[in-house]
Amino acid sequence: MKKKRDLFAEMMQGVSEMAAQREGKITLRQCTLEDKPVPEVTAHEIVALREKMHLSQEVFAKRFRISVGTLRKWEQDKAKPNTQAAVLIKLVEQYPDMAERLAAI
């Protein structure tokens, strides 16, 4: 048996989407996003970034709002940064001024 269409619901969805578009909201219907893999951040990269910034482990950890213990585990390759931390580390690697911007938040 064929399911009956709910024309009113479809019409209201269209009206909602038009309103959202006027407000500048971006939805998956309007853009195509590729699924990107989680960036890999090695222990060596983390140490190199911290040293390039001339920061001690304590200062680096405070600046990025992580515990010193977590940072040490990352640097000793006993643990890996989660996706959000890995993206943040990669962002600061590419744009060093981002560290100062993050400190202001």
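Before any of the text, the structure's been laid out above.
Everything in this summary refers to the structure shown in the same document. Model, not experiment: these values are computed from the prediction.

**Section: the pattern of salt bridges**
Once their charged atoms are close, side chains differing in charge can pair, the charge on each being opposite to the other.
Phase 1: Under the defined criterion, the tally for this structure stands at seven salt bridges.
Phase 2: Across the pair arginine 63 and glutamate 100 runs a salt bridge whose closest N-O atoms are separated by 3.5 Å. Here arginine 63 is found in helix α3 (residues 57-63), whereas its partner glutamate 100 is found in helix α6 (residues 97-103), with 37 residues between them in sequence.

**Observations concerning the side chain of arginine 50**
Phase 1: By the element assignment, arginine 50 lies in helix α2 (residues 43-52).
Phase 2: On the basis of relative accessibility, which here comes to 11%, the residue arginine 50 falls in the buried class.
Phase 3: Contacts of arginine 50, omitting those with residues within four sequence positions, involve Leu55, Ser56, Gln57, Phe60, Leu71 and Glu75.

**Some remarks on the nonpolar core**
Here is a general trend for soluble globular proteins: nonpolar side chains tend to be buried in one another's company.
Phase 1: Ranked by internal contacts, the top residues of the largest apolar core, which has 16 residues, are Ile46, Phe60, Phe64, Leu71, Trp74, Ile89 and Val92.
Phase 2: Taken together, the elements giving at least two residues each to this core come down to α2, α3, α4 (68-75), α5 (83-94) and α6.
Phase 3: Top contributing element to this core by residue count: α5, with four residues.
Phase 4: Excluding its chain neighbours within four sequence positions, the residues that come into contact with leucine 71 are Ile46, Arg50, Gln57, Phe60, Ala61 and Ile66.

The rules we used
Residues numbered from 1 in each chain as written. Predicted model: local features only at pLDDT ≥ 70, side-chain atom pairs only at ≥ 80, totals over all residues. Heavy atoms only, no water. Salt bridge = Lys/Arg side-chain N within 4 Å of Asp/Glu carboxyl O. Helix = DSSP H or I, 4+ residues; strand = E, 2+ residues; numbered from the N terminus. Buried < 20%, exposed > 50% of the residue type's maximum accessible area, 1.4 Å probe, protein only. Contact = heavy atoms within 4.5 Å. Core = buried A, V, L, I, M, F, W, Y, C linked by side-chain atoms within 4.5 Å.

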